[in-house]
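Okay, here's what each chain looks like letter by letter:
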Amino acid sequence: MNNQKLLSYLRQCIKQYNMINHGDRIAVGLSGGKDSLTLLYGLKQLQAFYPESFELAAIHVNLGIKADFKASISLMEDFCKKLNIPFYCVDTDIFQVVFKERKEKNPCSLCAKMRKGALNKKALALGCNKIAYAHHKDDFIETSMMSLLLEGHYYCFPPVTFLNKTGLTLIRPMLYMEEKEIKGFAYKNKFPVINNPCPADGNTKRQVIKDFIEESSQKFPYMKKNLNAALLNYFEETTS
């Protein structure tokens with residue numbers, strides 16, 4: 001994926017689901033991973049010529065996992081400075097609560113809930129009306145499969161979600177991008193990608209589903225393409 005392709009994917013998705021309007025102030029959830037770095041970079045490039053004027057801010061929610069994570073935060077801050085995007089770090093004790101105090105066997109749900117709460121609170125304090133998440137095509141497919149196989153019904157978080165309690169709107173502009181494309185783009189552009197410090201990384205139900213899809217795709221070459229088509233049909237039926 002080159003720069004032109006990245007912007008094309010973003011424009012198509014944003015236009016299809018009416019994600020950005022004039023005057024929006026968008027907070028990008030910045031984890032430091034390849035996905036969020038690419039999203040922030042892409043939105044900054046898009047900002048220069050997009051017909052609807054919008055502002056950007058980057059917010060990182062520090063889970064408090066490692067005391068030496070300050071070096072990684074500095075990398076994110078420097079990345080944002082080069083893009084001329086304000087960077088904000090929210091320090092939390094989420095790791096302490098989830099892993100040490102609660103000792104959750106399945107920590108992802110509570111961790112995600114607390115991270116979102118911290119991110120939403122900071123976004124509101126900054127006067128943002130929208131938050132952009134870096135979920136890509138593979139994330140959407142995996143989520144829909146998790147719902148189907150683990151919960152018995154077909155569901156996936158939509159490209160655009162309005163939160164009644166806060167008035168914030170969540171947007172996911174990377175719906176049309178595959179993970180491998182993003183990985184190649186981040187590597188080619190030498191983005192300061194930070195490895196996920198979470199001790200549960202790679203040992204989650206999502207990882208099991210991810211592996212299942214990859215293994216099954218060896219036997220059914222069109223599987224991911226068909227899963228994506230079903231997903232887009234689902235969004236067309238439920239978001240229209």
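The structure presented is a predicted model; accordingly, all values stated were derived computationally and were not measured.

Now for unusual backbone geometry. Working note: non-glycine residues mostly have negative phi, and peptide bonds are mostly trans. One non-glycine residue, Asn18, lies in the positive phi region at around 50 degrees. Inspection of the secondary structure puts Asn18 in the loop between α1 (3-16) and β1 (24-29). We classify Asn18 as exposed; its relative accessible area is 51%. The residue Lys190 is not glycine, and still its phi comes out positive at about 55 degrees. Looking at the secondary structure, you find Lys190 in the loop between α7 (179-188) and α8 (205-219). Given a relative accessible area of 75%, Lys190 falls into the exposed group.

Right, let's get into the packing of helix α2 (residues 34-47) against helix α3 (residues 70-83). Where α2 meets α3, the closest approach of the two axes is 11 Å, and the angle between their N-to-C directions is 15 degrees. One way to sum up the angle between α2 and α3 is to call them roughly parallel. For α2 against α3, the interelement crossing comes out right-handed. Across from Leu37, Leu40, Tyr41, Lys44 and Gln45 in α2, the residues of α3 making contact are Phe79, Cys80 and Leu83. In the contact of α2 with α3, the residues fall into six nonpolar, one polar and one charged.

What counts, and where the lines are drawn
- Residue positions are counted from 1 within each chain, in the order its sequence is given.
- Per-residue local features are limited, in this predicted model, to residues with pLDDT of at least 70; the limit for side-chain atom pairs, both in listing and counting, is 80 or more; totals at the level of whole chains, interfaces and linings are taken over all residues.
- Here the side-chain values reflect all heavy atoms present in the structure, with hydrogen atoms and water set aside.
- In DSSP terms, a helix is any run of H or I states spanning at least four residues, a strand is any run of E spanning at least two, and both are numbered starting from the N terminus.
- Buried means the residue's accessible area, taken with a 1.4 Å probe over protein chains only, is under 20% of the maximum for its type, while exposed means over 50%, and partly exposed covers the values in between.
- A fitted line through C-alpha atoms serves as each axis, taken over the contacting stretch for helices, and the angle formed by two N-to-C directions is quoted from 0 to 180°.
- An angle counts as roughly parallel when it lies under 35 degrees, as roughly antiparallel when it exceeds 145, as roughly perpendicular when it falls between 65 and 115, and as oblique in every other case.
- Each helix crossing is assigned a hand: it is left-handed if the near helix lies turned anticlockwise from the far helix by less than a right angle, otherwise right-handed if that turn is clockwise.
- We call two residues in contact whenever any of their non-hydrogen atoms come within 4.5 Å of each other.
- Any residue that is not Ala, Val, Leu, Ile, Met, Phe, Trp, Tyr, Cys, Pro, Asp, Glu, Lys or Arg is counted as polar, Gly included; the first ten are nonpolar and the last four charged.

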